[in-house]
Amino acid sequence: MADTFANTVLLEARLWQQDRMREKFDQRKALTQIQKVFLDGQNYIPDLAALKSATTRATSTLYLENKAYTVNTSKSCTPSGEVGSSNKATLTWAQKGAAVKINKKQFQGNELTGIQALANAIYNAEKSIWYGASGMDAAMLAYLETNRTQVNALSDGTSGSTNTWVGAASYHVTVPNANMARFWNDMQADMAVNNYTGKLWDIGNTWFMAQMGYYSSQGAANSTNYAYQFDNIPAGIEFVPSNLVTSSGYNKYTHYVIPEGGVAALFWNDPLNRNGNKDEAGEWTIMESMFFPGIFYDVFIKNSCADTTNDGGATQDSVNTVELTLNYALTKQPISTSNETPIFKYQILTI
(Lines give C-alpha, C1' and ligand atoms only; values in the text may rest on other atoms or scores of the structure.)
Protein backbone atom coordinates (compact mmCIF):
# COMPACT_ATOMS: atom_id res chain seq x y z
CA MET A 1 0.00 0.00 0.00
CA ALA A 2 1.31 3.45 -0.87
CA ASP A 3 2.33 5.84 1.87
CA THR A 4 -0.51 8.03 3.08
CA PHE A 5 -0.65 11.76 3.65
CA ALA A 6 -0.63 11.23 7.40
CA ASN A 7 2.60 9.26 7.68
CA THR A 8 4.62 11.15 5.07
CA VAL A 9 3.73 14.80 4.51
CA LEU A 10 2.29 15.30 8.00
CA LEU A 11 5.38 13.73 9.59
CA GLU A 12 7.74 15.89 7.54
CA ALA A 13 5.80 18.98 8.60
CA ARG A 14 6.18 18.00 12.25
CA LEU A 15 9.92 17.57 11.78
CA TRP A 16 10.07 21.13 10.51
CA GLN A 17 8.16 22.19 13.60
CA GLN A 18 10.75 20.54 15.81
CA ASP A 19 13.74 21.99 13.97
CA ARG A 20 12.73 25.63 13.73
CA MET A 21 13.16 28.19 16.49
CA ARG A 22 10.03 28.75 18.54
CA GLU A 23 8.12 31.83 17.51
CA LYS A 24 9.08 34.73 19.74
CA PHE A 25 7.40 37.71 18.17
CA ASP A 26 4.53 37.68 15.65
CA GLN A 27 3.49 34.08 16.44
CA ARG A 28 4.18 34.10 20.18
CA LYS A 29 1.78 32.25 22.45
CA ALA A 30 -0.40 34.03 24.97
CA LEU A 31 1.04 33.78 28.47
CA THR A 32 -1.41 31.51 30.23
CA GLN A 33 -0.42 28.32 32.02
CA ILE A 34 -3.70 27.09 33.50
CA GLN A 35 -3.28 23.84 31.58
CA LYS A 36 -0.28 23.07 33.81
CA VAL A 37 -2.58 22.55 36.81
CA PHE A 38 -5.13 20.39 34.97
CA LEU A 39 -2.47 18.22 33.29
CA ASP A 40 -0.69 17.64 36.60
CA GLY A 41 -4.02 16.46 37.99
CA GLN A 42 -3.89 13.48 35.63
CA ASN A 43 -1.38 11.94 38.03
CA TYR A 44 -4.19 11.51 40.57
CA ILE A 45 -6.78 9.88 38.28
CA PRO A 46 -7.03 6.08 38.74
CA ASP A 47 -7.02 3.90 35.60
CA LEU A 48 -6.12 6.86 33.40
CA ALA A 49 -4.66 4.60 30.68
CA ALA A 50 -7.88 2.57 30.58
CA LEU A 51 -9.96 5.74 30.20
CA LYS A 52 -7.80 6.86 27.26
CA SER A 53 -7.91 3.53 25.45
CA ALA A 54 -11.60 2.73 26.01
CA THR A 55 -13.65 2.16 22.86
CA THR A 56 -16.29 4.53 24.23
CA ARG A 57 -15.80 7.63 26.36
CA ALA A 58 -16.30 7.10 30.09
CA THR A 59 -19.33 9.04 31.31
CA SER A 60 -18.54 8.91 35.02
CA THR A 61 -15.92 8.00 37.61
CA LEU A 62 -16.68 6.14 40.83
CA TYR A 63 -15.54 7.21 44.28
CA LEU A 64 -16.06 6.26 47.92
CA GLU A 65 -17.93 8.88 49.93
CA ASN A 66 -16.80 10.38 53.19
CA LYS A 67 -18.48 8.84 56.24
CA ALA A 68 -18.60 10.27 59.78
CA TYR A 69 -18.87 7.24 62.04
CA THR A 70 -20.43 7.43 65.48
CA VAL A 71 -17.74 7.53 68.17
CA ASN A 72 -18.63 5.25 71.09
CA THR A 73 -17.61 5.72 74.70
CA SER A 74 -17.70 2.02 75.70
CA LYS A 75 -17.36 -1.49 74.30
CA SER A 76 -20.33 -3.65 73.28
CA CYS A 77 -20.96 -7.36 72.71
CA THR A 78 -23.45 -6.44 70.02
CA PRO A 79 -21.96 -3.47 68.14
CA SER A 80 -24.18 -2.12 65.40
CA GLY A 81 -21.87 -1.34 62.50
CA GLU A 82 -22.47 1.49 60.07
CA VAL A 83 -22.20 1.13 56.33
CA GLY A 84 -20.18 3.41 54.07
CA SER A 85 -21.31 4.41 50.60
CA SER A 86 -20.02 5.11 47.12
CA ASN A 87 -21.08 7.52 44.41
CA LYS A 88 -20.14 8.59 40.91
CA ALA A 89 -19.01 11.85 39.36
CA THR A 90 -20.32 12.65 35.90
CA LEU A 91 -17.84 13.45 33.13
CA THR A 92 -18.88 16.01 30.52
CA TRP A 93 -16.99 15.66 27.26
CA ALA A 94 -16.31 18.49 24.82
CA GLN A 95 -14.13 19.19 21.81
CA LYS A 96 -11.67 21.85 20.73
CA GLY A 97 -10.39 21.76 17.19
CA ALA A 98 -9.10 23.67 14.21
CA ALA A 99 -8.69 22.90 10.51
CA VAL A 100 -5.85 23.99 8.20
CA LYS A 101 -5.83 23.96 4.40
CA ILE A 102 -2.93 23.38 2.02
CA ASN A 103 -3.29 24.09 -1.71
CA LYS A 104 -0.76 21.95 -3.58
CA LYS A 105 -0.36 24.05 -6.75
CA GLN A 106 0.50 27.08 -4.64
CA PHE A 107 3.82 25.36 -3.91
CA GLN A 108 4.54 23.65 -7.23
CA GLY A 109 8.25 23.36 -7.87
CA ASN A 110 9.01 24.00 -4.24
CA GLU A 111 7.81 21.08 -2.14
CA LEU A 112 9.87 22.18 0.84
CA THR A 113 7.94 25.44 1.03
CA GLY A 114 4.70 23.44 1.10
CA ILE A 115 5.96 21.35 4.02
CA GLN A 116 7.05 24.49 5.86
CA ALA A 117 3.67 26.09 5.25
CA LEU A 118 1.91 23.01 6.66
CA ALA A 119 4.20 23.02 9.68
CA ASN A 120 3.48 26.68 10.30
CA ALA A 121 -0.27 26.12 9.89
CA ILE A 122 -0.28 23.20 12.35
CA TYR A 123 1.74 25.21 14.87
CA ASN A 124 -0.75 28.08 14.72
CA ALA A 125 -3.71 25.68 14.85
CA GLU A 126 -2.32 24.10 18.03
CA LYS A 127 -1.60 27.53 19.45
CA SER A 128 -5.20 28.56 18.81
CA ILE A 129 -6.60 25.35 20.33
CA TRP A 130 -4.65 25.81 23.56
CA TYR A 131 -3.99 29.51 23.98
CA GLY A 132 -6.64 31.27 21.88
CA ALA A 133 -9.46 33.35 23.29
CA SER A 134 -11.77 30.33 23.02
CA GLY A 135 -9.09 27.69 23.52
CA MET A 136 -8.37 25.10 26.19
CA ASP A 137 -6.94 27.49 28.79
CA ALA A 138 -10.01 29.71 28.45
CA ALA A 139 -12.24 26.65 28.92
CA MET A 140 -10.25 25.64 32.00
CA LEU A 141 -10.59 29.12 33.48
CA ALA A 142 -14.35 29.04 32.86
CA TYR A 143 -14.48 25.65 34.59
CA LEU A 144 -12.72 27.06 37.68
CA GLU A 145 -15.14 29.99 37.85
CA THR A 146 -18.22 27.81 37.40
CA ASN A 147 -17.10 25.14 39.85
CA ARG A 148 -15.61 27.29 42.64
CA THR A 149 -16.57 26.08 46.08
CA GLN A 150 -19.71 27.38 47.72
CA VAL A 151 -18.61 25.98 51.09
CA ASN A 152 -15.80 27.48 53.13
CA ALA A 153 -14.85 27.07 56.78
CA LEU A 154 -14.30 30.84 56.95
CA SER A 155 -18.05 31.33 56.73
CA ASP A 156 -18.53 30.08 60.29
CA GLY A 157 -17.05 33.33 61.62
CA THR A 158 -14.76 31.61 64.12
CA SER A 159 -11.61 31.07 62.08
CA GLY A 160 -9.93 34.37 62.98
CA SER A 161 -8.90 34.95 59.38
CA THR A 162 -7.99 38.44 58.25
CA ASN A 163 -9.89 37.64 55.04
CA THR A 164 -13.65 37.58 54.55
CA TRP A 165 -15.77 34.85 52.97
CA VAL A 166 -18.48 36.25 50.68
CA GLY A 167 -21.26 33.73 50.15
CA ALA A 168 -24.58 34.20 48.31
CA ALA A 169 -23.90 34.17 44.57
CA SER A 170 -20.32 35.47 44.81
CA TYR A 171 -18.63 32.57 46.60
CA HIS A 172 -15.17 34.04 47.01
CA VAL A 173 -12.79 35.21 49.70
CA THR A 174 -12.13 38.94 49.87
CA VAL A 175 -8.62 40.08 50.84
CA PRO A 176 -8.16 43.66 52.09
CA ASN A 177 -5.66 45.61 50.01
CA ALA A 178 -3.69 46.37 53.17
CA ASN A 179 -3.11 42.62 53.62
CA MET A 180 -1.89 41.97 50.08
CA ALA A 181 1.72 41.79 51.29
CA ARG A 182 0.85 38.73 53.37
CA PHE A 183 -1.68 37.19 50.99
CA TRP A 184 0.06 33.83 50.67
CA ASN A 185 0.68 33.57 54.39
CA ASP A 186 -2.97 34.23 55.30
CA MET A 187 -4.28 32.15 52.40
CA GLN A 188 -2.31 29.12 53.57
CA ALA A 189 -3.92 29.50 57.01
CA ASP A 190 -7.36 29.74 55.38
CA MET A 191 -6.71 26.53 53.49
CA ALA A 192 -5.50 24.82 56.66
CA VAL A 193 -8.75 25.81 58.38
CA ASN A 194 -10.44 23.98 55.49
CA ASN A 195 -8.20 20.97 56.32
CA TYR A 196 -5.98 21.34 53.25
CA THR A 197 -2.23 21.08 53.71
CA GLY A 198 0.58 20.34 51.28
CA LYS A 199 1.17 21.90 47.89
CA LEU A 200 -1.29 24.50 46.61
CA TRP A 201 -1.71 25.81 43.09
CA ASP A 202 -2.42 29.55 42.79
CA ILE A 203 -3.75 30.60 39.37
CA GLY A 204 -3.86 34.38 39.11
CA ASN A 205 -3.36 37.59 37.15
CA THR A 206 0.04 37.79 35.50
CA TRP A 207 0.55 41.22 37.10
CA PHE A 208 0.73 39.56 40.50
CA MET A 209 4.23 38.36 39.50
CA ALA A 210 5.41 41.91 40.19
CA GLN A 211 4.01 41.78 43.73
CA MET A 212 5.67 38.41 44.30
CA GLY A 213 9.03 39.77 43.19
CA TYR A 214 8.71 42.81 45.44
CA TYR A 215 7.55 41.07 48.61
CA SER A 216 9.95 38.14 48.27
CA SER A 217 12.82 40.65 48.21
CA GLN A 218 11.85 42.25 51.53
CA GLY A 219 14.36 40.22 53.51
CA ALA A 220 15.56 40.44 57.10
CA ALA A 221 17.53 43.64 56.49
CA ASN A 222 14.38 45.55 55.55
CA SER A 223 12.13 47.33 57.99
CA THR A 224 9.29 44.93 57.13
CA ASN A 225 10.17 41.36 56.21
CA TYR A 226 7.60 39.62 54.00
CA ALA A 227 9.98 37.04 52.57
CA TYR A 228 9.08 34.37 55.15
CA GLN A 229 5.96 33.33 53.23
CA PHE A 230 8.07 32.50 50.16
CA ASP A 231 10.49 30.21 52.00
CA ASN A 232 8.53 27.06 51.14
CA ILE A 233 8.06 27.89 47.46
CA PRO A 234 7.64 25.91 45.24
CA ALA A 235 6.95 23.01 47.63
CA GLY A 236 4.14 24.87 49.40
CA ILE A 237 2.59 27.17 46.76
CA GLU A 238 3.19 27.36 43.02
CA PHE A 239 1.96 30.50 41.29
CA VAL A 240 0.53 29.96 37.80
CA PRO A 241 0.22 33.24 35.84
CA SER A 242 -2.43 33.74 33.18
CA ASN A 243 -3.25 36.76 31.05
CA LEU A 244 -6.75 35.33 30.79
CA VAL A 245 -7.40 35.96 34.49
CA THR A 246 -8.75 39.49 34.87
CA SER A 247 -10.24 41.50 37.71
CA SER A 248 -13.00 44.06 37.67
CA GLY A 249 -14.80 46.49 39.92
CA TYR A 250 -13.11 46.96 43.29
CA ASN A 251 -10.85 43.94 42.83
CA LYS A 252 -7.18 44.38 41.93
CA TYR A 253 -6.15 40.72 41.64
CA THR A 254 -8.07 37.46 41.19
CA HIS A 255 -6.77 34.07 42.31
CA TYR A 256 -8.02 30.49 42.12
CA VAL A 257 -6.38 28.37 44.80
CA ILE A 258 -6.49 24.58 44.35
CA PRO A 259 -4.88 21.81 46.42
CA GLU A 260 -2.56 19.63 44.33
CA GLY A 261 -4.57 17.06 42.39
CA GLY A 262 -7.83 18.95 42.88
CA VAL A 263 -8.64 19.30 39.17
CA ALA A 264 -7.70 17.33 36.07
CA ALA A 265 -8.16 17.14 32.30
CA LEU A 266 -8.93 13.83 30.61
CA PHE A 267 -8.37 13.12 26.92
CA TRP A 268 -9.70 10.40 24.63
CA ASN A 269 -9.20 9.38 21.00
CA ASP A 270 -11.83 7.83 18.77
CA PRO A 271 -11.01 4.19 17.87
CA LEU A 272 -11.44 5.05 14.17
CA ASN A 273 -8.54 7.49 14.52
CA ARG A 274 -6.48 5.28 16.84
CA ASN A 275 -6.70 2.32 14.48
CA GLY A 276 -6.24 4.39 11.32
CA ASN A 277 -8.67 4.39 8.44
CA LYS A 278 -8.52 5.59 4.86
CA ASP A 279 -11.22 5.46 2.20
CA GLU A 280 -12.73 7.66 -0.47
CA ALA A 281 -14.14 9.97 2.23
CA GLY A 282 -10.75 10.81 3.72
CA GLU A 283 -8.15 9.64 6.19
CA TRP A 284 -8.42 9.25 9.97
CA THR A 285 -5.36 9.14 12.22
CA ILE A 286 -3.93 10.68 15.41
CA MET A 287 -1.12 13.18 15.97
CA GLU A 288 0.79 13.93 19.15
CA SER A 289 0.71 17.50 20.41
CA MET A 290 3.94 19.44 19.97
CA PHE A 291 3.08 21.57 22.99
CA PHE A 292 2.10 18.73 25.32
CA PRO A 293 3.69 15.36 24.45
CA GLY A 294 1.48 12.47 25.49
CA ILE A 295 -1.72 14.22 24.37
CA PHE A 296 -3.01 13.19 20.93
CA TYR A 297 -5.36 14.90 18.51
CA ASP A 298 -7.89 13.09 16.39
CA VAL A 299 -6.83 14.00 12.84
CA PHE A 300 -9.08 13.92 9.79
CA ILE A 301 -7.55 14.60 6.36
CA LYS A 302 -9.80 15.45 3.44
CA ASN A 303 -8.66 15.85 -0.18
CA SER A 304 -10.77 17.76 -2.67
CA CYS A 305 -10.61 19.71 -5.91
CA ALA A 306 -11.14 23.46 -5.66
CA ASP A 307 -10.43 26.79 -7.32
CA THR A 308 -7.53 28.32 -5.34
CA THR A 309 -6.56 31.17 -7.65
CA ASN A 310 -7.27 33.71 -4.90
CA ASP A 311 -4.74 31.88 -2.70
CA GLY A 312 -1.97 31.71 -5.31
CA GLY A 313 -3.03 28.34 -6.68
CA ALA A 314 -5.01 27.48 -9.80
CA THR A 315 -8.55 27.03 -11.08
CA GLN A 316 -8.29 23.28 -10.61
CA ASP A 317 -6.20 22.53 -7.56
CA SER A 318 -5.70 19.63 -5.15
CA VAL A 319 -6.56 20.81 -1.64
CA ASN A 320 -5.80 18.97 1.59
CA THR A 321 -7.75 20.02 4.67
CA VAL A 322 -6.30 18.74 7.96
CA GLU A 323 -8.61 18.90 10.98
CA LEU A 324 -7.16 18.57 14.50
CA THR A 325 -9.58 17.75 17.33
CA LEU A 326 -9.11 17.32 21.08
CA ASN A 327 -11.72 15.23 22.88
CA TYR A 328 -11.50 16.31 26.52
CA ALA A 329 -13.31 16.34 29.84
CA LEU A 330 -12.49 18.64 32.74
CA THR A 331 -13.09 17.24 36.20
CA LYS A 332 -12.43 17.85 39.87
CA GLN A 333 -11.95 15.63 42.89
CA PRO A 334 -15.44 14.70 44.17
CA ILE A 335 -16.47 15.82 47.66
CA SER A 336 -19.49 14.39 49.46
CA THR A 337 -20.65 17.71 50.93
CA SER A 338 -23.12 19.42 48.62
CA ASN A 339 -21.66 22.37 46.65
CA GLU A 340 -18.19 21.94 48.15
CA THR A 341 -15.29 21.72 45.70
CA PRO A 342 -11.48 22.00 45.99
CA ILE A 343 -11.50 25.29 44.00
CA PHE A 344 -11.23 28.44 46.16
CA LYS A 345 -11.59 31.87 44.58
CA TYR A 346 -9.81 34.87 46.13
CA GLN A 347 -10.21 38.57 45.27
CA ILE A 348 -7.67 41.14 46.48
CA LEU A 349 -9.29 44.57 46.76
CA THR A 350 -7.91 47.62 44.96
CA ILE A 351 -8.21 49.89 48.00
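Residues numbered from 1 in each chain as written. Predicted model: local features only at pLDDT ≥ 70, side-chain atom pairs only at ≥ 80, totals over all residues. Heavy atoms only, no water.

1. Focus on helix α6 (residues 183-193)
By the burial criterion, the buried members of α6 are Phe 183, Trp 184, Asp 186, Met 187, Asp 190 and Met 191. Looking straight down α6, one finds that the buried residues subtend no more than 160° of arc, so they occupy a single side. Count one or two residues on from α6 and you reach Asn 195, which has phi positive near 70°. (Buried < 20%, exposed > 50% of the residue type's maximum accessible area, 1.4 Å probe, protein only. Helix = DSSP H or I, 4+ residues; strand = E, 2+ residues; numbered from the N terminus. Arc of directions from axis to C-beta.)

2. Overview of the packing of aromatic side chains
The description of an aromatic ring pair rests on the distance of the ring centres and on the angle between the ring planes. Tallied over the full model, the rule gives 14 aromatic pairs. Ring geometry for Tyr 123 versus Phe 291: centroids 5.6 Å apart, planes at 85°, classification edge-to-face. Placement of the pair is Tyr 123 in helix α4 (residues 111-131) and Phe 291 in the loop between β11 (282-288) and β12 (296-306), with a sequence separation of 168 residues. For Tyr 123, a relative accessible area of 1% corresponds to the buried category. (Phe/Tyr/Trp six-rings, centres within 6.5 Å; stacked < 30°, edge-to-face > 60°.)

3. Describing the nonpolar core
Counting residues in hydrophobic clusters, the biggest one holds 43 residues, and the most contacted among them are Phe 38, Trp 130, Leu 144, Ile 203, Phe 267 and Leu 324. When residues in this core are grouped by element, the largest group, eight residues, is from α4. The residues touching Phe 267, leaving out its near neighbours within four places in the chain, are Leu 39, Gln 42, Lys 52, Trp 93, Trp 130, Met 136, Ile 295, Leu 326, Asn 327 and Tyr 328. (Core = buried A, V, L, I, M, F, W, Y, C linked by side-chain atoms within 4.5 Å. Contact = heavy atoms within 4.5 Å.)

4. Examining the pairing of strand β14 (residues 344-349)
The element β14 is extensively covered by neighbouring structure, given that five of its six residues are classed as buried. Bridging between strand β5 (residues 172-175) and β14 involves three bridges; their strand directions are parallel. In the sheet register, Val 175 faces β14, and the bridge partner there is Ile 348. Of the pairings in the sheet, the one linking strand β8 (residues 251-259) to β14 comprises six bridges and is antiparallel in character. Bridging across to β14, Thr 254 finds its partner in Gln 347. (Pairing = 2+ DSSP bridges.)

5. Here we look at the sheet that holds strand β4 (residues 164-166)
Spatially, six strands are ordered β4-β5-β14-β8-β6-β7 in an open sheet, and the strand pairing comes out mixed. Each end of this open sheet is capped by a strand with a single partner; those strands are β4 and β7 (237-242). When strand polarity is set aside, the average angle formed by the axes of neighbouring strands in this sheet is 30°. Across the sheet, helix α5 (residues 136-146) touches β6 (200-205), β8 and β14, and the angle it forms with β8 is around 85°. (Axes fitted to C-alpha atoms, helices over the stretch in contact; angles between N-to-C directions.)

Function cannot be inferred from these measures alone, as they are strictly geometric.
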